[in-house]
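Below, each chain spelled out in residue letters.
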Amino acid sequence: MFCRGEDGYHFNIKMVNPTTGEETNKKVSCMNFYAYRLMIRLDVDNHLLRYRRLFQQYCVDMYVKVETERLNFIRFNQSKLRSDEYIHLRDAIATEGHAANIGCLTNLPATYVGSPRHMQGQI
């Protein structure tokens, strides 16, 4: 698919300020990188769109990569997300949860689509 040897996503891609064209200190997220790569532009031919089923598989694989990155962020930044302050969640675990069933506890925020707390908020 990438006959010119273009690089894929990696963690050290810097954002570029669109007005000045200079690199910033912020890094490009996986989602932003693939959204830019898959975007349809009028003046540029996007060769990825011509691959049909292979393109669909590419999109699925990149979606899984984006979701994995989001889940890893949530998992490794529990202290920054202040997950220990979820009082009702702690009470539910203390009264209904069994210690043998609990492995490594990771709280998904309500902003993560598909989490139980997100589904509960949709009712």
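Refer to the preceding data block for the structure.
These figures come from a predicted structure and were not determined experimentally. (Residues numbered from 1 in each chain as written. Predicted model: local features only at pLDDT ≥ 70, side-chain atom pairs only at ≥ 80, totals over all residues. Heavy atoms only, no water.)

Visitor: I'm lost on the overall build of the protein chain in this one. Help?
Guide: Looking only at helices and strands, the protein chain features four helices and two strands. When the helices and strands of the protein chain are read in sequence order from the N terminus, they spell out β-β-α-α-α-α. A fraction of 46% describes how many contacts in the protein chain between residues 6 or more apart in sequence connect residues 24 or more apart. By element, 57% of the accessible surface of the protein chain is carried by carbon and sulfur atoms, the whole surface being about 10,200 Å². (Helix = DSSP H or I, 4+ residues; strand = E, 2+ residues; numbered from the N terminus. Contact = heavy atoms within 4.5 Å. Areas by Shrake-Rupley, 256 points an atom, 1.4 Å probe, with all protein chains shown as cover.)

Visitor: Quick question: what am I supposed to make of the pattern of salt bridges here?
Guide: Opposite charge on two side chains permits pairing when their charged atoms draw close. Taken as a whole and judged by the stated rule, the model has two salt bridges. The salt bridge partner of aspartate 45 is arginine 50, with a shortest N-O separation of 3.1 Å. Residue classification places aspartate 45 among the exposed residues on the basis of a relative accessible area of 53%. Residue arginine 50 is classed as exposed on the basis of its relative accessible area, which comes to 60%. (Salt bridge = Lys/Arg side-chain N within 4 Å of Asp/Glu carboxyl O. Buried < 20%, exposed > 50% of the residue type's maximum accessible area, 1.4 Å probe, protein only.)

Visitor: Explain the packing of helix α1 (residues 30–38) against helix α2 (residues 53–76) here, please?
Guide: Close contact between α1 and α2 brings their axes to 9 Å; oriented N to C, the two are set at 160°. As summarised for this structure, α1 and α2 are arranged roughly antiparallel, according to the angle between their axes. The two elements α1 and α2 cross, and the hand of that crossing is left-handed. For the pair α1 and α2, contact is made by Cys30, Met31, Tyr34, Arg37 and Leu38 and by Phe55, Tyr58, Cys59, Met62, Lys65, Val66 and Glu69, respectively. By residue class, the composition of the contact of α1 with α2 is nine nonpolar, no polar and three charged. (Axes fitted to C-alpha atoms, helices over the stretch in contact; angles between N-to-C directions. Parallel < 35°, antiparallel > 145°, perpendicular 65-115°, else oblique. Left-handed = near helix turned anticlockwise from the far one by under 90°. Nonpolar A, V, L, I, M, F, W, Y, C, P; charged D, E, K, R; others polar.)

Visitor: What is the right way to look at the environment of glycine 8 in this model?
Guide: With respect to the element layout, glycine 8 can be found in the segment before β1 (14–16). Overall, glycine 8 belongs to the partly exposed group, its relative accessible area being 32%. The spatial distance from the C-alpha of glycine 8 to the C-alpha of tyrosine 34 is 9.1 Å, given a sequence separation of 26 residues. Discounting residues that sit within four places of it in the chain, glycine 8 has contacts with Ile13, Phe33 and Arg37.

Visitor: Honestly, the pairing of strand β2 (residues 23–27) in this entry has me stumped. Any pointers?
Guide: Remember that side chains alternate between the two faces of the sheet whenever the strand is regular. By the criterion of burial, β2 is predominantly exposed, with just zero of the five residues buried. Sheet topology places β1 next to β2; two bridges connect them, and they run antiparallel. Among the inter-strand pairings, lysine 14 is bridged to a residue of β2, identified as lysine 27. (Pairing = 2+ DSSP bridges.)

Visitor: Quick question: what am I supposed to make of the packing of aromatic side chains here?
Guide: Overall, the coordinates contain four aromatic pairs when judged by the stated rule. Centre to centre, the rings of phenylalanine 33 and tyrosine 34 are 5.0 Å apart; their planes meet at 90°, and the pair counts as edge-to-face. When its relative accessible area of 6% is taken as the criterion, tyrosine 34 is described as buried. Considering the side-chain rings of tyrosine 34 and tyrosine 58, the 6.3 Å spacing of their centres and the 75° angle between planes classify their relative orientation as edge-to-face. Of this pair, tyrosine 34 sits in helix α1 while tyrosine 58 is found in helix α2, placing the two residues 24 residues apart along the sequence. Members of the aromatic cluster, each reached through a chain of ring pairs, are Tyr9, Phe33, Tyr34 and Tyr58. Directly above the ring of tyrosine 36 sits arginine 41, whose terminal nitrogen or CZ lies 4.2 Å from the centroid. (Phe/Tyr/Trp six-rings, centres within 6.5 Å; stacked < 30°, edge-to-face > 60°. Lys NZ or Arg CZ within 6 Å of the ring centre and 35° of its normal.)

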